[in-house]
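If you want the building blocks of each chain, they are given just below.
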Amino acid sequence: MTRQDTGPGLRWDASVAREWELVKPGLAAEIWEEFRVDERHRRRMAWATVGQRAMGQVFALLSVGAMLLFAKYSLDAGEPLVAAFAVGAPSISLAVIFGLSRMPGRTLETAIGRPVRRVTAVTAVPPAPPDPVPPTGGPIP
């Protein structure tokens, strides 16, 4: 069963189409086709977004699998420290990247930038206290 494109929905009004036809014969059909092309493009872009996310997940899974294979090879070669580093550091990085991408309003740039601002604020040298007022020679009132 094929599904027909119903066009732009509520945006399409027959009285408006009649007015367009009075201005230029065939204009309503041109506008209708533009609406259909626009909706078709929107649907294709939505599918492209789904494909892009799916490919990202596949590549992430493949990279984790490659890390695990390298760790197994390192363990078989008698290098447990290399195996721990090969799996630990990239796994933490991937967890941070994917975790931050799932949080609304958070990006990797803002997550990294915020601690940098804190560290800069903590390590900044405080201003030196003002020099004490030199004594004037008389009693202090």
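Keep in mind that this is a model prediction, so the values were computed, not measured. (Residues numbered from 1 in each chain as written. Predicted model: local features only at pLDDT ≥ 70, side-chain atom pairs only at ≥ 80, totals over all residues. Heavy atoms only, no water.)

A. The arrangement of the overall build of the protein chain in detail. Helix and strand counts for the protein chain come out as 4 helices and 0 strands. Taken from the N to the C terminus, the helices and strands of the protein chain come in the order α-α-α-α. Partitioning the contacts of the protein chain with sequence separation of at least 6, the portion at a separation of at least 24 is 35%. Element-wise, carbon and sulfur atoms account for 69% of the exposed surface of the protein chain, whose accessible area totals about 12,000 Å². (Helix = DSSP H or I, 4+ residues; strand = E, 2+ residues; numbered from the N terminus. Contact = heavy atoms within 4.5 Å. Areas by Shrake-Rupley, 256 points an atom, 1.4 Å probe, with all protein chains shown as cover.)

B. Focus on the pattern of salt bridges. With the rule as written, the count across this model stands at 4 salt bridges. Between Glu30 and Lys24 there is a salt bridge, with the nearest N and O atoms lying 3.6 Å from each other. Residue classification places Glu30 among the partly exposed positions, given a relative accessible area of 41%. Classification of Lys24 by relative accessible area gives partly exposed; the value is 40%. Note that Arg36 and Glu33 form a salt bridge whose closest N and O atoms lie 4.0 Å from each other. One end of the pair is Arg36 and the other is Glu33, both in helix α2 (residues 27–76) and 3 residues apart, which spans about a single turn. When its relative accessible area of 25% is taken as the criterion, Arg36 is described as partly exposed. For Glu33, a relative accessible area of 35% gives the class partly exposed. (Salt bridge = Lys/Arg side-chain N within 4 Å of Asp/Glu carboxyl O. Buried < 20%, exposed > 50% of the residue type's maximum accessible area, 1.4 Å probe, protein only.)

C. Just the packing of helix α1 (residues 14–23) against α2, in detail. At a minimum axis separation of 7 Å, α1 and α2 run at an interaxial angle of 125°. Here α1 is positioned oblique relative to α2, judged by the angle of their axes. Contacts between α1 and α2 pair Ala17, Trp20 and Glu21 from the former with Leu27, Ala28, Ala29 and Ile31 from the latter. Residue classes in the contact of α1 with α2 are distributed as 6 nonpolar, no polar and 1 charged. (Axes fitted to C-alpha atoms, helices over the stretch in contact; angles between N-to-C directions. Parallel < 35°, antiparallel > 145°, perpendicular 65-115°, else oblique. Nonpolar A, V, L, I, M, F, W, Y, C, P; charged D, E, K, R; others polar.)

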